[in-house]
Amino acid sequence: MKNAELAKLFEHVADVLAVLGENVFRVNAYKKIARTLDEMPGDIEALAKTESLEDVPGIGKASAEKIGEYLRTGKVREFEDIFGQVPAGVMEIMRIPTVGPKTVAILWNEGGVNSLEKLKAKIEDGSLIGLPGIGAKKLEKIKENMAFLATSAGRIRIGEALPIAVELVEFLKSVKDVKNAQYCGSLRRGKETIGDVDIAVAAEETFAAAINEALRKHQVVAQIIQSGPSKTSFRTSAGLQVDVRIVPPESFGAAVQYFTGSKEHNVRVREIAVKKGLKINEWGVFKVKGEKEERIGGATEEEIYDAIGLATVPPEMREDRGEVEWAIEQGTSTSGGRIESELERFVSKLPQRIPSGNSAADAIHRQYRPEILRLLDIGYSKYLPKVRWVDMGNSNQELVDAFEAALVGIFDPPLNSQKLMRLSVAEDLISRYGAQQLYKEAQNATDWVSCDNAGARARALKSIPKGKRGVYLFKAGSSGWTQQQLGYIGKAAVGKAGSSDIRYRIKDHFDDESRADNFPDKFLQLLRSFVMRESPQCYAIELVELADIRGDLHMHTVASDGVCSIEEMVAECKRRGYQYCAITDHSKSQFQANGLKVDRLMDHIKAIHAVAKEAERSGILVLAGSEVDILADGSLDYEDDVLAKLDWVVASPHAALTQESDAATQRLVRAAANPHVCVIGHPTGRIVPSRRGLEPDMQKVIFAAARNGIALEINANCYRLDLRDTHVKMAVDANVPICINTDAHGIPDFDQMIYGVLTARRGWATAAHILNARPLAEFKSWLKGRKEAAAW
DNA sequence: GCCGTTTTCGGCCCGACTGTTTTCAGTCG
Ligand SMILES: Nc1nc2c(ncn2[C@H]2C[C@H](O)[C@@H](COP(=O)(O)OP(=O)(O)OP(=O)(O)O)O2)c(=O)[nH]1
Ligand SMILES: [Mg+2]
Ligand SMILES: [Mg+2]
Ligand SMILES: [Zn+2]
């Protein structure tokens, strides 16, 4: 997979261009593309073959071409030229903290510095002092910071960061006059790796200095990076950076929201605020009235999201992966409705006859547009109380589309149904066939196809040749397209589309010729038909929680490489209140882990069943299982007749983890097809952060799991977290059951469960998606289904 | 460079801390 190297390429070119003084927005555009490529769950090369990269949000014509060029030739000529302008040694300098592109440019152009070594030497001989903006202090800092060069190893696993953060938060809460403290940043979002620890503190302004002082004296503080009245950053002796932000209690919610991020999420949220005449920062939400600002909230996170009409987004979802659109769609329920009278009043103002000719029609369109939007706001918030209109172009898109199409369809012939038709696609079709398949079907059936999105449609209108027709896929239902579903086919992939269950075809409504004459009537009728509809129940999402977990279905004992007996592991599960668990020691090929040969396995099953019998009385179901190795070709490490003797089969890959993507896909798909398998354990075999593991076409693996009715594991151990967050989202979208297992080898390992839960939450999983969140009876019935499949 | 209901130009989130800037740029969160 070339995603990572392409991401690096764009990241690097962004840095080099910044040194060359290029427009910062272009630099940021490249950085955004780098992030997109890095986080893309599928293979960019496969995507480029089947779909247009231009439809990926953030990637335009220019970059799509460059990516294509790279995939063909392994190079981007324009980038090579750019790299040629700045020696590699110069770029190394930018890895020093506090040294950014401007400083690099000056050191290089005016100071003749072209490597880290030269920089060191020139700082020593004093020849750099006097360069523009560079003095003794700055150079001293640079010299110190050369010990902290940015490296990819700079991130630590969440399991290592969390305990440190919790302890620091406890300490801060114990400091006098501290009202509240909360860790934020990537840690609160539950990311698998953590760059630094971010903590927000609530305290009256007058106490901030004292709190800062107490913090600076804390024993873990090895080096203060910076410290001002509201913000202190330091490094611990272990080299971990900690950022602490102190704000007054009335700003605590705003500060937590800001500090939790992600950056990309914050930017989206703040952009929405701007469009609504508001301003959001870490101090609160403000109404902007010319020069003056009026504070309207900030004590809680809810106040922030509420102010802009968004549902509060769970921290783990805040990655700008569609959650903003989701939150708009959920909305808040505030304004009451006066729909009928408003409606009548508005409609009575509409002209009885639409003038012919585009310019006159345009003028009317412009004149009424704000009124329509305002009306929709009122109408929607009353009849669909959880869905609230937020400014332009978002969740009520289909409603706006409907009305605007009504207007435009009459005013503006080119945008009517002759060329472009909306095709609603129901959720069950998507889960049955997969979005890609539907898209391809549509492609075969028509001349042009896209998913639902204003920009895409606008382009479509231009690109559809005269006399041809196009279709755009609109996802009916509550959740909108996801990137995974469309495989980044359309801009809507980030979630522009979809909200209520309105299914609408422009064609159906506006094909009759006489429509223009009784337009107001028609319009009213249409509007009623939408807003009077039964409102769907949509509550803000309840993601799975640690307390929902009712069992652990992957653990080891002394029989293989664990350190506890069956009894000890079961007792711990019981202690945790689990209703079921599975003992799954390694299979025979895992000889280095003392994997069990068949005869030992048979004895082990007996031993587990003996413990199970005891355990049953104390109310916990114990399954005799195995973690069966998936061999390189996808076959399993035990024969089927052996597998049939087990109550529970986790099949996981352990060796040959560097095989080609296609081989990996086949391997996992084949394993998933074995009817004895219950769940695929740590499907990629990756190790965080260093080993990439298998890179299968995860969509195919997930479909295979769906076809065969098996589950996929989130291995909760913070060294694995496999499935990873983006893969979880794909599994959730496909409705494949997910097991969150600790893979415990000893008692403390059970504590890893939380990291699996956080990863599940990052994939938008609710308890309903998690197999081991089901009550015992339900779990048993699922298992029975599996056993029947195996017997059949 | 990307994007779009102000649509092919013109805007792109917002603020703290530091140093050397006599009024704010650079870097970072
Ligand atoms: N509005 C806004 N907020 C930002 C920006 N940069 C960072 N933040 C906020 C959101 C981040 O989650 C939070 C903490 O910054 P960090 O650099 O520590 O990032 P984060 O913790 O998300 O990831 P990390 O694991 O530390 O690399 O500060 C920015 O440019 N604008
Ligand atoms: Mg952080
Ligand atoms: Mg930070
Ligand atoms: Zn295991």
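Calculation rules
Residues numbered from 1 in each chain as written. Chains lettered and ligands numbered in written order. Predicted model: local features only at pLDDT ≥ 70, side-chain atom pairs only at ≥ 80, totals over all residues. Heavy atoms only, no water. Helix = DSSP H or I, 4+ residues; strand = E, 2+ residues; numbered from the N terminus. Buried < 20%, exposed > 50% of the residue type's maximum accessible area, 1.4 Å probe, protein only. Contact = heavy atoms within 4.5 Å. Areas by Shrake-Rupley, 256 points an atom, 1.4 Å probe, with all protein chains shown as cover. Pairing = 2+ DSSP bridges. Axes fitted to C-alpha atoms, helices over the stretch in contact; angles between N-to-C directions. Core = buried A, V, L, I, M, F, W, Y, C linked by side-chain atoms within 4.5 Å. Donors = N, O, S within 2.8 Å, 3.2 Å for Na, K, Ca; no water. Salt bridge = Lys/Arg side-chain N within 4 Å of Asp/Glu carboxyl O. Near = heavy atom within 4 Å. Polar contact = N/O pair within 3.5 Å; in protein donor to acceptor, adjacent residues only side chain to side chain. Nonpolar A, V, L, I, M, F, W, Y, C, P; charged D, E, K, R; others polar. Phe/Tyr/Trp six-rings, centres within 6.5 Å; stacked < 30°, edge-to-face > 60°. Lys NZ or Arg CZ within 6 Å of the ring centre and 35° of its normal. Disulfide = S-S within 2.5 Å. Expected span 1.5 Å × (residues − 1). pLDDT = per-residue confidence, 0-100.

S.K.: Any chance you could explain the overall build of chain A here in plain terms?
M.R.: When helices and strands are tallied, chain A shows 33 helices and 20 strands. Put simply, chain A has 792 residues, and 54% of those count as buried. Within chain A, contacts between residues at least 6 apart in sequence are counted, and of these 70% link residues at least 24 apart. For chain A, the accessible area works out to roughly 34100 Å², and carbon and sulfur atoms hold 52% of it.

S.K.: Whenever I open this one, the environment of G562 confuses me. Can you help?
M.R.: Following the sequence through the fold, G562 ends up in the loop between β14 (551-552) and α26 (566-575). Given a relative accessible area of 11%, G562 falls into the buried group. Excluding anything up to four places from it in sequence, G562 contacts H556, T557 and H745.

S.K.: I keep staring at the sheet that holds strand β19 (residues 711-715) and nothing clicks. Help me out?
M.R.: Strands in a sheet are paired, the pairing made by backbone hydrogen bonds, and the direction either parallel or antiparallel. Pairing is parallel in the open sheet, where seven strands are placed in the order β14-β15-β16-β17-β18-β19-β20. In the strand order of this sheet, the two ends are held by β14 and β20 (738-741), each with one partner. Bridge analysis of strand β17 (residues 648-652) against strand β18 (residues 679-680) gives two bridges, and the strand direction is parallel. Opposite V650, over in β18, you have V679 as the bridge partner.

S.K.: Help me understand the sheet that holds strand β8 (residues 278-281), please; the structure alone is not making it clear to me.
M.R.: Taking strand neighbours across the sheet as the criterion, the three strands line up as β8-β9-β10 in an open arrangement whose pairing is antiparallel. The sheet terminates laterally at β8 and β10 (292-297), the two strands that pair on one side only. Ignoring which end each strand starts from, the neighbouring axes of this sheet average 30° apart.

S.K.: Teacher, can you tell me more about the nonpolar core here?
M.R.: One finds V570, I740 and I770 to be the most contacted residues of the largest nonpolar core, which totals 65 residues. The leading source of residues in this core is helix α27 (residues 598-617), at six residues. The residues contacting I770, other than those within four sequence positions of it, are V544, I549, I738, I740, A760 and A765. Membership of the second largest hydrophobic core comes to 50 residues, among which are V16, W108, I123 and I142.

S.K.: Sorry, what's going on with the coordination of the magnesium ion (ligand 3) here?
M.R.: When a metal carries six donors in an octahedron, the ideal angles between them are 90 or 180 degrees, while four donors in a tetrahedron ideally lie at 109.5 degrees. Binding of the magnesium ion (ligand 3) to the protein goes through D196 (OD), D198 (OD) and D243 (OD), at separations of 2.1 to 2.2 Å. The sequence motif formed by the donor residues of the magnesium ion (ligand 3) is D-x1-D-x44-D. Metal-to-metal, the separation of the magnesium ion (ligand 3) and the magnesium ion (ligand 2) is 3.5 Å; D196 coordinates the two. Note that D198 is positioned in strand β4 (residues 197-202) and D243 in strand β7 (residues 241-247), a separation of 45 residues in sequence.

S.K.: Teacher, can you tell me more about the pattern of salt bridges here?
M.R.: One pass over the structure, following the stated rule, counts 39 salt bridges. Note that R617 is salt-bridged to E614, the shortest N-O span being 3.2 Å. Of this pair, R617 and E614 both sit in helix α27, separated by three residues, roughly a single helical turn. Given a relative accessible area of 67%, R617 falls into the exposed group. With a shortest N-O distance of 2.9 Å, E695 and R692 are connected by a salt bridge. When its relative accessible area of 49% is taken as the criterion, R692 is described as partly exposed. Residues joined in a network through salt bridges with shared partners are R35, E39, R189, E264, E319, R321, D725 and R762.

S.K.: Got a minute to help me understand the site of ligand 1 in this structure?
M.R.: Close to ligand 1 lie 16 residues, the nearest being R155, S186, G195, D196 and D198. Within the side chain of R270, one N or O atom sits 3.2 Å away from a nitrogen atom of ligand 1. Contact with the protein chains hides 72% of the accessible area of ligand 1, taken as 590 Å² for the molecule alone. Those elements that place two or more of their residues in the shell around ligand 1 are α11 (185-188), α13 (252-260) and α14 (263-275). Counted by class, the shell around ligand 1 contains three nonpolar, seven polar and six charged residues.

S.K.: Which parts of the structure should I look at to understand helix α32 (residues 753-762)?
M.R.: Each full turn of the α-helix corresponds to 3.6 residues, which orients residues three or four apart in the same direction. Buried residues dominate α32, accounting for nine of its ten residues. Along α32, the positions that sit buried rather than exposed are M753, Y755, G756, V757, L758, T759, A760, R761 and R762. In the segment just after α32, W764 is the residue with positive phi, at about 65°.

S.K.: Honestly, unusual backbone geometry in this entry has me stumped. Any pointers?
M.R.: Glycine aside, residues mostly have negative phi, and peptide bonds are mostly found in the trans state. Along the chain, V688 connects to P689 via a cis peptide bond; the corresponding omega equals -5°. Mapping P689 onto the fold places it in the loop between β18 and α30 (698-708). That bond from D722 to L723 is cis: its omega, 10°, falls within 30 degrees of zero. Looking at the element boundaries, L723 is found in the loop between β19 and α31 (725-733).

S.K.: What is the right way to look at the packing of aromatic side chains in this model?
M.R.: The geometry of two aromatic rings is summed up by the distance between their centres and the angle between their planes. Tallying each qualifying case throughout the model produces nine aromatic pairs. Where Y580 meets F779, the ring centres are 4.1 Å apart and the plane angle is 5°; that geometry is what we call stacked. Remark: F779 occurs in helix α33 (residues 776-791) and Y580 occurs in strand β15 (residues 580-586); sequence separation between them is 199 residues. In this pair, the class of Y580 matches that of F779, namely buried. Judged by centre distance (6.4 Å) and plane angle (55°), the ring pair of W648 and W782 falls under tilted. Residue W648 is found in strand β17, and its partner W782 is found in helix α33; the two are separated by 134 residues along the sequence. The class of W648 is buried, set by a relative accessible area of 0%. Through successive ring pairs, a cluster of aromatic residues spans F10, Y30, F79 and F83. Taking the ring centre of F286 as reference, the NZ or CZ of K279 above it sits at 5.8 Å.

S.K.: Which parts of the structure should I look at to understand the pairing of β8?
M.R.: A regular strand places its side chains so that they alternate between the two faces of the sheet. Pairing analysis gives four bridges linking β8 to strand β9 (residues 284-289), with the strands arranged antiparallel. Paired with K279 across the bridge in β9 is F286. What sits between the antiparallel neighbours β8 and β9 is a turn of two residues.

S.K.: Would you mind going over the state of the cysteines with me for this structure?
M.R.: A covalent bond between the sulfur atoms of two cysteines is what we call a disulfide. Counting across every chain of the model gives zero disulfides. Unpaired in this structure, C718 has its nearest cysteine sulfur neighbour in C564, at a distance of 18 Å. Look at C718 and you get buried, because its relative accessible area is 4%.

S.K.: Can you help me understand helix α4 (residues 61-73) in this one?
M.R.: For α4, spanning 13 residues, the distance from its first C-alpha to its last is 18 Å, which sits close to the expected 18 Å at 1.5 Å a residue. Buried residues belonging to α4 abut α1 (3-19), α2 (24-39), α3 (44-50) and α5 (77-84). Count one or two residues on from α4 and you reach G74, which has phi positive near 80°.

S.K.: What's the story with the confidence of the model for chain A in this structure? I'm lost.
M.R.: Any residue range with low pLDDT should be treated as having predicted coordinates unsuitable for detailed reading. For chain A, the mean per-residue pLDDT works out to 81, and 74% of the residues sit at or above 70. Note that residues 333-342 has pLDDT below 50 and, in this model, 18 contacts with residues that lie over four places away or in other chains. Quick note on the complex model: pTM equals 0.77, ipTM equals 0.97.

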